[in-house]
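# Fold and geometry: a report
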Amino acid sequence: MRQRRWIGGVAALVVLAVLAGVVVARKSGQPKDDKPKEATLVFTTQEVVQPQSMALPGKVTFSGPLVAPSTVTVRAKAAGTLVSLRVDEGSRVTVGESLGVIDLAELNARLNEKMAQAEAAKALLAQAQRSHDSNLGLAEQKFISPIALENSRASLESAKAQYNAALAQVETARIQLREAALVAPISGIVSKRHALPGEKVAAEQELLTIVDLRKLEMAGSVGTHEVGQLHPGMPVQLQVEGVDTPIEAKLARIAPAAEVGTRSIGVTVTLDNPRELLRAGQFATANVTLPEGAPRLTVPVTALSSSSGQDYVWTLEQGKLLRRTVTTGRRDATRGLVEITDGLAAGSQVLAARFDNLREGQEARIQNATQAASAASGPAKTL
């Protein structure tokens, strides 16, 4: 009787062990998700804005230094010794005024050589003319053949050609001698002397730089999104450093293509400077007032990002982040706003600042009023 009870107890223990093993096996066989759930980004109400419809002031601003387009470098036209320079830096000169003297002994000797060659050619021509005149008389008397007469005429024409060539070389030498004289090609102010009297100068060596300040230019650049609103002839307000009042100028030229590696296009402004109060090298800021445009959606400039030449913003839609490619228009640097002409709806929730490591489709929401009251405003937080 006792043996039967002991056997029954053993059987019960075996059944319990088997059942426990099945339960353990089932638990160990259940799939386990080790990947943590991605946190939801939480933005404050100050970090999210809705596009506002407004007409931004039409203004394009760019800057650059003033330059004098009428700047001429006087060079030596022949090698020689610089005997004298009659002007100093800051001296005012007029067109045609003598600026100095270069010893042109070599050019004078070359001119004398060419003149001597011309005289020799003239003597040969006279001899050829006499010979041909004689041959004409002999041909009439049938003492020489027609072929001999033609040879005589050819010799005369050759002598004439040689004489004309010699005269041309004389004229060339005279022109070189005349151009070698140091005279002012324009009226203006001597801005720099590149050589000193007594120096041996080479042909085409720089001697002086003369600047005409009566007309100046300012070269700047504008973005490709702004250049379509500009055209040559538009009035420009220039604010020049060191000058209290703005100066009236005119938009003169717009480059046909953007600069390599940038999204900027060069523009040039011209201004009259009859009293020469402005100087080349002064920095200036140009403001071009545009006609008033229609109201458009605007967002803060800080909401705008760019990648591969495309502008985009981040929006919150149905609890997720979405990246929207947009087309921009006018910009108001004073208020930090930019027009969005395409790619964004009026009621969109737009991130007003730039954040790092954002991913499209990531869950995000706006902090509610209760959380805003208990937490300080700051960058995007996760929950």
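Residues numbered from 1 in each chain as written. Predicted model: local features only at pLDDT ≥ 70, side-chain atom pairs only at ≥ 80, totals over all residues. Heavy atoms only, no water.

### Overview of the packing of helix α2 (residues 105–140) against helix α3 (residues 146–179)
Relative to each other, α2 and α3 sit at 160°, their axes nearing to 8 Å. On the basis of the axis angle, α2 is roughly antiparallel to α3. Seen from above, α2 lies across α3 with left-handed handedness. (Axes fitted to C-alpha atoms, helices over the stretch in contact; angles between N-to-C directions. Helix = DSSP H or I, 4+ residues; strand = E, 2+ residues; numbered from the N terminus. Parallel < 35°, antiparallel > 145°, perpendicular 65-115°, else oblique. Left-handed = near helix turned anticlockwise from the far one by under 90°.)

### Looking at unusual backbone geometry
Its identity as a non-glycine residue notwithstanding, Ser308 has a phi of 55°, on the positive side. At Gln318, a position not held by glycine, the phi torsion is positive, near 55°. Mapping Gln318 onto the fold places it in the loop between β20 (310–317) and β21 (320–332).

### Comments concerning the side chain of Thr298
Tracing the backbone through its elements, the reader meets Thr298 in strand β18 (residues 296–300). By relative accessible area, Thr298 is classed as buried at 3%. Contacts of Thr298, omitting those with residues within four sequence positions, involve Pro51, Gln52, Met54, Leu56, Leu337, Val338 and Glu339. (Buried < 20%, exposed > 50% of the residue type's maximum accessible area, 1.4 Å probe, protein only. Contact = heavy atoms within 4.5 Å.)

### Observations concerning the sheet that holds strand β12 (residues 206–211)
Ordered in space as β5-β12-β10-β7, the four strands form an open sheet in which the pairing is antiparallel. Among the strands making up the open sheet, the edge pair consists of β5 (71–75) and β7 (92–93). The pairing of strand β10 (residues 188–193) with β12 spans four bridges and is antiparallel. Pairing of Ile189 across the sheet is with Val211, part of β12. (Pairing = 2+ DSSP bridges.)

### Some details on the sheet that holds strand β15 (residues 247–254)
Neighbouring strands of a sheet are bound in pairs by backbone hydrogen bonds; such pairs are parallel or else antiparallel. Strand order in this closed barrel of six strands is β4-β13-β16-β15-β14-β17, and the pairing throughout is antiparallel. The sheet shows a mean angle of 40° between the axes of neighbouring strands, taken without regard to direction. Here strand β4 (residues 59–67) runs beside strand β13 (residues 215–223); their pairing, made up of two bridges, is antiparallel. Considered in β13, the bridge of Leu66 is made with Met218.

### Describing the packing of aromatic side chains
On inspection of all chains with the given rule, the structure shows two aromatic pairs. Here Phe43 and Phe355 contribute two aromatic rings whose centre-to-centre distance is 5.2 Å and whose plane-to-plane angle is 65°, an arrangement assigned as edge-to-face. Within this pair, whereas Phe43 is found in strand β1 (residues 41–43), its partner Phe355 is found in the loop between β23 (349–351) and β24 (364–366), the two being separated by 312 residues in sequence. In terms of burial, Phe43 and Phe355 fall into one category: buried. The ring of Tyr312 has Arg323 lying over it, and the distance from NZ or CZ to the ring centre is 3.8 Å. (Phe/Tyr/Trp six-rings, centres within 6.5 Å; stacked < 30°, edge-to-face > 60°. Lys NZ or Arg CZ within 6 Å of the ring centre and 35° of its normal.)

### Notes on the environment of Val170
Summarising the element assignment, Val170 is placed in helix α3. Exposure remark for Val170: the relative accessible area of 7% places this residue in the buried category. Along the sequence, Val170 and Gln117 sit 53 residues apart, while their C-alpha atoms lie 8.7 Å from each other. Excluding residues that lie within four positions of it along the chain, Val170 makes contacts with Leu111, Lys114, Met115 and Ala118.

### Some remarks on the layout of surface pockets
If you roll a probe as big as a water molecule over the atoms, it shows you where there is empty space left. Computed from the structure, the largest pocket encloses a volume of approximately 220 Å³. Every residue lining the largest pocket is listed: Pro57, Lys59, Val60, Thr61, Glu226, Arg331, Asp332, Ala333 and Thr334. Of all the secondary-structure elements, those providing two or more residues to the lining of the largest pocket are β4 and β21. For the lining of the largest pocket, the leading source of residues is β4, giving three residues. Looking at the lining of the largest pocket residue by residue, the class counts come to three nonpolar, two polar and four charged. (1 Å grid on protein atoms, 1.4 Å probe; cavity = no way out; pocket = protein on both sides within 12 Å on 5 of 7 lines; lining within 4 Å. Points joined across faces, edges and corners; volume = space filled by probe spheres on them. Nonpolar A, V, L, I, M, F, W, Y, C, P; charged D, E, K, R; others polar.)

### Overview of the pairing of strand β8 (residues 98–102)
One ladder, built from three bridges, connects strand β6 (residues 80–85) with β8; its direction is antiparallel. Each residue of the ladder has a partner; that of Leu85, found in β8, is Gly100. Across two bridges, β8 lies against strand β9 (residues 182–183) in antiparallel orientation. For Ser98, the partnering residue across the bridge sits in β9 and is Val183.

### Some thoughts on α3
Structural remark: α-helix, 3.6 residues per turn; residues separated by three or four positions point the same way. An ideal rise of 1.5 Å per residue puts 50 Å on 34 residues; α3 measures up with 50 Å between its terminal C-alpha atoms. The set of residues buried in α3 consists of Leu149, Ser152, Leu156, Ala159, Tyr163, Ala166, Val170, Ala173 and Leu177. The inward-facing, buried residues of α3 contact α2. (Expected span 1.5 Å × (residues − 1).)

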